[in-house]
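Inside the fold
Chain residues, written in single-letter form:
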Amino acid sequence: GLNLSDIQGDVLIGMKKNTELFYFFSIANAMDFKPKLASEIFPLITTTTQLLDVNTQPTTTLNIAFSQTGLTALGVTDTLGDSAFAGGQFVDLENLGDPGSANWVPHFAGTGIHGVFLFASDTEDNIDAAAASLEAALGDCVTKVYTLLGAARPGMEAGHEHFGFLDGISNPAVDGFTASPMPGQSVVAAGTVLLGESGDKVARPAWAKDGSFLVFRQLAQLVPEFAKFLIDNPVVEPGVLTAQQGSDLLGARMVGRWKSGAPVDLAPLFDDPELGADPARNNDFTFSHPDETLATNQTRCPFSAHIRKTRPRADLPPIVGGEVHRIMRAGIPYGPEVSDDEAAANTTSTERGLAFVSYQSNIGNGFRFLQQTWAGDADFVHAGTGVDPIIGELACAQRVISGLDPTDSTKTLTLPNFVISRGGEYFFTPSLSAISGTLAV
Ligand code: N7H
């Protein structure tokens, strides 16, 4: 089995709190930082073991990750064997389909961020207190560069991202960790998420074992604009769907799931909230149906749907040795609810979106592959499909996508971007022993 007390808690199960603060820092003085990493930060880091038992979960959990320039600042000369990580996200932005860096948070545009603290708790007050206490302990060896506060949405929307869809329901099971995978859940080798574990085929320094690459992206979402687009472009099936139902169906087909989480592959015309809420059934589908032709039939789920682009299931032959293009997602929404004024004007005036976090042992196989090679390719999984309506080719203001209308799969729809990349960074989340044995010495 895995050494769960050596693996930071966010990687395999997520810190899953109502509020999460991403605190990006630079190391002002490595000689002063190292002993404090050992004495002040290390004891506060939340492990997987601690998270698994409610009795050992701290009030405020803490994880830490470093960028390549952060590791370099600490004097680490070993290469971790991941070129995307080594270069940082800023130089990778064209590969990700971003339209330059004009929309990037200025702090992400470069390599000045050395690391990130992830604080999670039930309340913002708890987080503020934990951050203030850590800042006091660290003094001026660390400089705060930028922070982003994430929060679960209120009331019934908890667990749903800002467009309204239930999120976080399809992470892979990990071999040797997840006791009983749910029907339809993919099972990945531990080495797909953790460096140096079985299935990770890249040569790594010994101390990197049980670490994981953390991809952070601040993805703004144009929620009232998205809602207006659905109202303006309903699926039309007279006598079957009302206008509202047609609009809801278009949104569900863009994602591949209804707002409840129910997959359109199993609930093609109307939402089925019981299905959406049932983990034993809401991943139990492959897009393949006995009496339908998998390669041409889009009546249930468009080829371009977000969850089909990012996990094509039966569309691809099974990969010998297991699925490698899988990530552990641990993001959280940020920003306020849509105001009445924004809803009335169909226009965003205050930024909101997804603080996207994914963990993988290989950024090129994980996040970057999903973003560039699948979501960003208009000819994947079939020629002429169009890019992913949610995250595909954000550099292109007019994205032509087919298959969204179940009554005519050849019909195309031209979509503006509803997601704006504000940039991010690539980090490495080391094991506890790597911190005490290598990074802090
Ligand atoms: Fe996506 N959304 O609300 O539309 N995503 N995503 N994502 N996403 C998923 O399965 C969303 C983004 C994946 O195994 C769901 O838990 C939004 C990036 C993967 O079936 C919903 C944004 C990348 C899956 C959303 C965003 C991915 C997935 C369904 C940006 C990687 C699982 C709920 C603002 C490059 C696929 C769920 C599977 C699911 C949404 C970003 C990847 C609702 C709004 C950048 C692998």
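First things first, this report covers the structure right here in the doc. (Residues numbered from 1 in each chain as written. Predicted model: local features only at pLDDT ≥ 70, side-chain atom pairs only at ≥ 80, totals over all residues. Heavy atoms only, no water.)

1. Looking at the overall build of the protein
- Along its length, the protein carries 14 helices and 13 strands.
- Expressed along its principal axes, the backbone C-alpha trace of the protein runs to roughly 70 × 50 × 40 Å.
- Once local pairs closer than 6 in sequence are excluded, the contacts in the protein between residues at least 24 apart make up 71%.
- Positive and negative side-chain charges of the protein, numbering 27 and 50 respectively, have mean locations separated by a distance of 3 Å. (Helix = DSSP H or I, 4+ residues; strand = E, 2+ residues; numbered from the N terminus. Contact = heavy atoms within 4.5 Å. Lys, Arg positive; Asp, Glu negative; His and termini not counted. Charge placed at Lys NZ, Arg CZ, Asp CG, Glu CD.)

2. With respect to helix H9 (residues 243-255)
- Helix length check: H9, at 13 residues, gives a terminal C-alpha distance of 19 Å against a target of 18 Å (1.5 Å per residue), a fit within 8%.
- Inspection of H9 places Gly 246, Ser 247, Leu 249, Leu 250, Gly 251, Ala 252, Arg 253, Met 254 and Val 255 among the buried residues, and these make up the whole buried set.
- On its buried face, H9 is in contact with helix H8 (223-232), helix H11 (306-310) and strand S12 (412-415).
- Positioned one or two residues after H9, Gly 256 has a phi angle of 95 degrees, which is positive. (Expected span 1.5 Å × (residues − 1). Buried < 20%, exposed > 50% of the residue type's maximum accessible area, 1.4 Å probe, protein only.)

3. Notes on the packing of H8 against H9
- Put simply, H8 and H9 touch, their axes get as near as 8 Å, and they point 120 degrees apart. Taken together, the axes of H8 and H9 are oblique relative to one another. Both H8 and H9 take part in a crossing whose hand is right-handed. For the pair formed by H8 and H9, the contact residues are Phe 226, Phe 229, Leu 230 and Ile 231 on the first element and Gln 244, Ser 247, Leu 250, Gly 251 and Met 254 on the second. (Axes fitted to C-alpha atoms, helices over the stretch in contact; angles between N-to-C directions. Parallel < 35°, antiparallel > 145°, perpendicular 65-115°, else oblique. Left-handed = near helix turned anticlockwise from the far one by under 90°.)

4. Points about the side chain of Glu 20
- Mapped onto the elements, Glu 20 comes out in strand S1 (residues 19-27).
- Of the buried charged residues, Glu 20 lacks a salt bridge, with Lys 16 as the closest side chain of opposite charge at 11 Å.
- Residues in contact with Glu 20, not counting those within four places in the same chain, are Asp 10, Met 15, Leu 118, Phe 119, Ala 120, Ile 127, Leu 148, Leu 149, Gly 150, Ala 330 and Ile 332. (Salt bridge = Lys/Arg side-chain N within 4 Å of Asp/Glu carboxyl O.)

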